[in-house]
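Overview (structure and organization)
Residues per chain are reported as follows:
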Amino acid sequence: MAVIHPLTSNLNLQINTQFTHLKSETLTRSRLNFRPLIARSCLNHSNVVLFDAAKHTVDTYLQSGMVVGLGSGLASSMAIEYLGQKLRVGLLKGIVGIPTSDRIASEAEKAGIPLQLYQDSTQIDFSFNDADIMEEGSLNVVIGRQRPQGEESIIEEKKILDVTENLVIMVKEKQYKTAVEGSIPVLVNSVSWMDTAEEIDDLFVGDAEVWRRPSMGHADPTGGNFPLVTTDGHNILDVIFTTPIPNLAEVANLLNSIDGVACHGIITKTPCTAVIATESGLRIIETSNVRSV
């Protein structure tokens, strides 16, 4: 008896083969023609240079399979969105993000980045972050100046940045200073905040004022009627220097010596790479080496 083989199996095989080939060609074309969905024309001039820094950071330092600390700030948000786009088209694979705050976790989830919460045993290959200001030469930075609602944790952010193997900080040229000026945020126990504030004031007498940060309304030394309380349950004291700060590392050491200080916004991470956005392009500083791109 003759055995009649159904033609549908061969036909399905041909269709599936053609579809797989077409899908592969489409994916290859999408990778070759990849353009970031963040349109530079939609950004104001000031933010275009930051986007260039964010794109350079992702393109240059991130590799498939990395565990990546996802920092906070405008450039970091752009880097998160751009990283998600590269993951979607397959230019990067196997990336796991460690968010520095709940807000950053939400941004990363929307971008399609797989996430993992930070634990003490977590090994982080690479992290990126913004800074409010960077000290020229040392690349020490200050974070946490512009957080009026306290929704982001300086403590969690510093933990992640401190343990990362490779750190990139993205700043604008005007934030890269020979002499650092302005305030240093200091997290203190809300119950004994006044004692700690007095101790800090004595430490920097004549050089700085100490104000407790408010959650709303006008600032004053006591934080007004609604002092800010962070997600960690701390008050924030803004140590406002009235003269240039000669050495951020020395200030960090002095603050670390005070019992009532839980954390502060100075990061003295080594090694560290600075990606500085300028009007004429990017400056890349790696410890003592400087180059332009």
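Residues numbered from 1 in each chain as written. Predicted model: local features only at pLDDT ≥ 70, side-chain atom pairs only at ≥ 80, totals over all residues. Heavy atoms only, no water.

**Some remarks on the side chain of Thr273**
Looking at the secondary structure, you find Thr273 in strand S13 (residues 273-278). Setting aside residues no more than four positions away along its own chain, Thr273 makes contact with Tyr61, Leu167, Val168, Ile169, Ile284, Ile285 and Glu286. (Helix = DSSP H or I, 4+ residues; strand = E, 2+ residues; numbered from the N terminus. Contact = heavy atoms within 4.5 Å.)

**A look at the confidence of the model for the chain**
Mean pLDDT over the chain: 84, with 80% of residues reaching 70 or higher. Note on residues 1-27: pLDDT is under 50 here. Beyond four places in sequence and across chains, it has one contact. (pLDDT = per-residue confidence, 0-100.)

**So, helix H7 (residues 248-256)**
Restricting attention to buried positions, one finds in H7 the residues Leu248, Val251, Ala252 and Leu255. Looking straight down H7, one finds its buried side chains confined to an arc of 100°; they lie on one side. Along H7, exposed side chains directed more than 90 degrees from the buried face belong to Glu250 and Asn253. (Buried < 20%, exposed > 50% of the residue type's maximum accessible area, 1.4 Å probe, protein only. Arc of directions from axis to C-beta.)

**With respect to the sheet that holds strand S10 (residues 234-245)**
Here we have four strands laid out as an open sheet, ordered S9-S10-S8-S11, and antiparallel in their pairing. Looking at strand neighbours, the two that pair on one side only are strand S9 (208-212) and strand S11 (261-264), the edges of this open sheet. Direction aside, the axes of adjacent strands within the sheet are offset by 25° on average. Here strand S8 (residues 180-189) pairs with S10 via nine bridges, running antiparallel. The partner of Gly182 across the bridge, within S10, is Phe241. Set on the sheet, helix H5 (residues 154-163) makes contact with S8, S10 and S11; between it and S11 the angle comes to about 65°. (Pairing = 2+ DSSP bridges. Axes fitted to C-alpha atoms, helices over the stretch in contact; angles between N-to-C directions.)

**Some details on the pattern of salt bridges**
Following the criterion strictly, the structure yields four salt bridges and no others. A salt bridge links Lys55 to Asp59; its shortest N-O distance comes to 3.0 Å. Within this pair, Lys55 and its partner Asp59 are both found in helix H2 (residues 45-61), separated by four residues, close to a single helical turn. Residue Asp59 is classed as partly exposed on the basis of its relative accessible area, which comes to 31%. Among the ionic pairs, Arg103 bridges to Glu107, the shortest N-O distance being 2.5 Å. Within this pair, Arg103 and its partner Glu107 are both found in helix H4 (residues 102-111), separated by four residues, close to a single helical turn. With relative accessibility at 30%, the residue Arg103 sits in the partly exposed group. Take Glu107: its relative accessible area is 24%, and that puts it in the partly exposed class. One continuous salt-bridge network, built from bridges that share partners, spans Lys55, Asp59 and Lys86. (Salt bridge = Lys/Arg side-chain N within 4 Å of Asp/Glu carboxyl O.)

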